[in-house]
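# Chains, contacts and geometry: an overview
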Amino acid sequence: MCKNFLVSICPADLFPNTKYDQGACKKRHDDFFKLQFNREHDLKRLLFERAYILETMKSFEAQVSVIDNKVKKMQSKQDVALYRGEIPLEYQEK
């Protein structure tokens, strides 16, 4: 297994051609930076990895928040439709 497997994955590449595609990454993925990272001592490398993890978690939390808001919005629309009787009884049980 690669030593720097964790930081070798770009979050922007995780959901291509989906609704949640982030588009092109705004970060630089130059070979120079990869070599520099691999040459760093363990402590500095761990600090880079920690920063990467925190930044990635922030990005994922923002995406989850957007999805949660969409789900809540759809549930409230469904609740209103149920209250008004717009959904037939056979579908209400499901």
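Residues numbered from 1 in each chain as written. Predicted model: local features only at pLDDT ≥ 70, side-chain atom pairs only at ≥ 80, totals over all residues. Heavy atoms only, no water.

### Description of the overall build of the protein
Short version of the rule: Secondary structure counts use DSSP, requiring at least four H or I residues in a row for a helix and at least two E residues in a row for a strand, with both numbered from the N terminus. Burial status follows relative accessibility: with a 1.4 Å probe on protein chains alone, a residue under 20% of its type maximum counts as buried, one over 50% as exposed, and anything between as partly exposed. Only heavy atoms matter for contacts: two residues are in contact if any of them lie within 4.5 Å across the pair. Per-residue and other accessible areas follow the Shrake-Rupley method at a 1.4 Å probe size, with only the shown protein chains counted as cover for residues.
In terms of regular secondary structure, the protein is built from 3 helices and 0 strands. Shown N-terminal to C-terminal, the secondary structure of the protein runs as helices and strands in the order α-α-α. Buried positions account for 13% of the 94 residues belonging to the protein. Excluding contacts between residues fewer than 6 apart, the proportion of contacts in the protein whose partners are at least 24 apart in sequence is 55%. For the protein, the exposed surface amounts to about 8500 Å²; the carbon and sulfur share of it is 59%.

### Here's the deal with the confidence of the model for the protein
Rules: Confidence scores here are pLDDT values: one per residue, from the predictor, ranging 0 to 100.
On average, the protein scores 80 in pLDDT, and the residues at 70 or more come to 79%. Mean pLDDT per element in the protein: helix H3 (residues 89-92) is the minimum at 67, and helix H2 (residues 42-84) is the maximum at 86.

### Re a nonpolar patch on the surface
As a reminder, the rule being used: Like-charged residues within 9 Å of one another, or nonpolar side chains (Val, Leu, Ile, Met, Phe, Trp, Tyr) within 5 Å, are grouped into patches, provided each residue has over 30% relative accessible area and no salt bridge. Put simply, a salt bridge is a Lys or Arg side-chain nitrogen that is within 4 Å of an Asp or Glu carboxyl oxygen.
Among the surface-exposed residues, Ile9, Leu14 and Phe15 lie close enough to one another that they form a single nonpolar patch of about 230 Å² accessible area. Relative to the helices and strands, isoleucine 9 is located in the segment before helix H1 (31-39).

### Brief notes about the packing of aromatic side chains
In this description, an aromatic ring pair is defined by two values, namely the gap between the centres and the angle between the planes. Heads up, the rule is: Pairs were defined over the aromatic rings of Phe, Tyr and Trp, the Trp ring being its six-membered one, requiring ring centres within 6.5 Å. Orientation was assigned from the angle between planes: stacked under 30 degrees, edge-to-face over 60, tilted for the rest.
Scanning the entire structure with this criterion turns up 2 aromatic pairs. Relative to phenylalanine 33, the ring of phenylalanine 32 lies with its centre 5.4 Å away and its plane at 70°, an arrangement referred to as edge-to-face. Given a relative accessible area of 34%, phenylalanine 33 falls into the partly exposed group. Centroid distance phenylalanine 37 to phenylalanine 48: 6.2 Å. Interplanar angle 50°. Geometry classified as tilted. A residue pair is termed long-range when its members are at least 10 positions apart, and phenylalanine 37 in helix H1 and phenylalanine 48 in helix H2 qualify at 11 residues.

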